[in-house]
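Working through the structure, step by step
Here are the chains, one letter per residue:
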Amino acid sequence: MPRLRVAALEPLTDPALAPAEPGTGLDALTVGRRIRHHRGVKGWTLAQLGEAVGTAPSQLSQVENGKREPRLSLITALARALEVTPAELLDPSPPPTRRAALEIELDHAQRSPLARTLGLPEVSAGRKLPTDALESLVRLHRELARRHDASHATPEEARRANTEIRLLMRRTDNHLPEIEELAEDLVRCAGYTVGALTHRQVARMASDLGFSIIHVEDLPHSTRTVTDLAHGRIYLPPASIPGGHGLRSLALQAIGHRVLGHERPASYTQFLRQRLEINYFAASCLLPRAAAVQFLSAAKADKDLAVEDFRDAFGVTHEAAAHRLTNLLTSHLGIPLHFLRVGEDGALYRGYENDGVPFPQDASGSIEGQPVCRRWTARTVFDVRNRTTENYQYTDTPAGTFWCSSQTGSSGDGGFSITVGVPYAHAKWFRGRDTRVRTRSTCPDGDCCRRPPLDLVERWADAAWPSARLHAQTLAPLPSGRFPGVDDREVYSFLASHAPPAGG
Ligand SMILES: [Zn+2]
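Residues numbered from 1 in each chain as written. Predicted model: local features only at pLDDT ≥ 70, side-chain atom pairs only at ≥ 80, totals over all residues. Heavy atoms only, no water.

**Here we look at the sheet that holds strand β6 (residues 391-397)**
- Spatially, β5-β4-β8-β7-β6-β9 is the arrangement adopted by the six strands of the open sheet, whose pairing is mixed. Where the open sheet ends on each side, the last strands, each with one partner, are β5 (348-353) and β9 (438-440). When strand polarity is set aside, the average angle formed by the axes of neighbouring strands in this sheet is 25 degrees. (Pairing = 2+ DSSP bridges. Helix = DSSP H or I, 4+ residues; strand = E, 2+ residues; numbered from the N terminus. Axes fitted to C-alpha atoms, helices over the stretch in contact; angles between N-to-C directions.)

**Let's talk about unusual backbone geometry**
- Following cysteine 443, the chain continues to proline 444 via a peptide bond in cis, the omega torsion being 10 degrees.
- Mapped onto the secondary structure, proline 444 falls in the loop between β9 and α19 (446-449).
- Although it is not a glycine, aspartate 173 adopts a positive phi angle of roughly 55 degrees.
- One can find aspartate 173 in the loop between α10 (155-171) and α11 (177-189).
- Among the residues examined, aspartate 173 registers a relative accessible area of 27% and is labelled partly exposed.
- We note that lysine 303 has phi near 50 degrees; this positive angle belongs to a residue other than glycine. (Buried < 20%, exposed > 50% of the residue type's maximum accessible area, 1.4 Å probe, protein only.)

**Topic: helix α5 (residues 72-82)**
- Along α5, the positions that sit buried rather than exposed are Leu74, Ile75, Leu78, Ala79, Ala81 and Leu82. Angularly, the buried residues of α5 cover 165 degrees about the axis, an arc narrow enough to put them on a single face. Set apart from the buried face of α5 by more than 90 degrees, the exposed residues are Leu72, Ser73 and Arg80.
- Packed against the buried residues of α5 are α2 (28-42), α3 (46-53), α4 (57-64) and α6 (86-90). (Arc of directions from axis to C-beta. Contact = heavy atoms within 4.5 Å.)

**Quick look at the coordination of the zinc ion**
- Donor atoms from the polypeptide that bind the zinc ion are Cys373 (SG), Cys443 (SG), Cys448 (SG) and Cys449 (SG), placed at 2.2 to 2.4 Å.
- Of note is the zinc ion, whose four donor atoms meet at the metal with angles of 95 to 118 degrees in an arrangement that counts as tetrahedral. (Donors = N, O, S within 2.8 Å, 3.2 Å for Na, K, Ca; no water. Tetrahedral: all angles 85-135°; square planar, octahedral: opposite > 155°, others 65-115°.)

**Overview of the packing of aromatic side chains**
- What the rule picks out here adds up to seven aromatic pairs.
- Centre to centre, the rings of phenylalanine 295 and phenylalanine 314 are 6.1 Å apart; their planes meet at 80 degrees, and the pair counts as edge-to-face. Of this pair, phenylalanine 295 sits in helix α15 (residues 289-301) while phenylalanine 314 sits in helix α16 (residues 307-314), and the two are 19 residues apart along the sequence.
- The exposure class assigned to phenylalanine 295 is partly exposed, which follows from its relative accessible area of 28%.
- Among the residues examined, phenylalanine 314 registers a relative accessible area of 3% and is labelled buried.
- Aromatic rings pair up to connect Phe295, Phe310 and Phe314 into one cluster.
- In this structure, lysine 42 is placed above the aromatic ring of tryptophan 44, and the distance from its NZ or CZ to the ring centre is 5.2 Å.
- The ring of phenylalanine 416 carries the charged tip of arginine 341 above its face, separated from the ring centre by 3.8 Å. (Phe/Tyr/Trp six-rings, centres within 6.5 Å; stacked < 30°, edge-to-face > 60°. Lys NZ or Arg CZ within 6 Å of the ring centre and 35° of its normal.)

**Notes on the sheet that holds strand β3 (residues 233-236)**
- Within the open sheet, the three strands sit side by side as β1-β3-β2. Their pairing is mixed. In this open sheet, the two strands that pair with only one neighbour each are β1 (212-215) and β2 (226-228). Within the sheet, the average angular offset between the axes of one strand and its neighbour, ignoring direction, is 25 degrees.

Written as structure tokens, this is what we have:
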């Protein structure tokens, strides 16, 4: 098959197509091991080979151990002496023996940045190292690298995993029936009937599963809860507000790991998936499906659906109530919707949609950290003075008109808004549908609200020098204008409004 041959040869004849080798050019240790292998085949000592090619045995030893790169003239001489072709000595793969392959792998592993952070003494992978010790070291390094990859995903990987899970959940209308049923069974056994799930019922759920809940002052900083499986204890942070509703959720999430049979996550995607499942489990305990759907159906029949009522009826946060709607509204009431949590800086922290609302996205399809249109309710709500009730707005977008309801709050990280919205046709079921507030958004078109107005650019482009604030908590970078991480439209507007009067 001539075609196949050509295809197979192409990468070798065209350097631009050749697979990239780590580092520069050929690996010296691979070449060295190959030379040693062929010397062994001939049964020569280093001294004998050295004599044949006119090189000191000590130098040859360095070449064989990858400490020194042989010049091409030496390779040619060695090949002639060992009765092989230079190409055979330079062949990057596969290594001649399993032992050689292990030696090369150990050498690479010990030189990796990850191994260097441990400050271990370097083990020479020479002939004195027993093969079982070599094998053991190589396997330990492999496991170290695997665990490191699993627990330390790069922001890039984290974004990809997040997007993958978001799209997966979108296909199921954010509804996981198995977890719904499991949660309903457990809360019913703990004595739940209607309304809010009490702390006492949560404690009973834990004890039914053989756990007691203990509040401690000294939880590790990087943890939210810690479960002692051996002694059946769930450690939670101290109850700062007696009965604060965050604690029920934390306890339920810890229980969730247990009842959902979670194993130690083997990848970042699996870690995120488990996080999603325990959040889902906690939400479906706090707002159990049958009671929640009954409540929402009655409100829909009255054309008076409202996140705030749902929140108050079940004693949860506004965010928990709004997010729970994404699990139930489409699957049980036939209403598509979107949900957003947006920071005061305009960045999207958490979002879900199955109604086609055009979320801001980066090139990879990731939404976290992306700037939300300034004309969307999630951002206009920050300008509203009255924050005691929800704020309603219709927004015309390139994907149609949406009705949205937003409420603001604040946390240690600053202000945020929680928004739930639906396509125009479904606004009729909601309280606030009669609002007169209406805006027009053409995002992602930059002229909508991203690009600064021309007059401001002309006046300030060469006179502005902002210094970016780093957003450590977001996965994705914020909008980049002329300065990375800085919203230049905001900078120019700020300068324009603070500039001294002309001619002053
Ligand atoms: Zn916009």
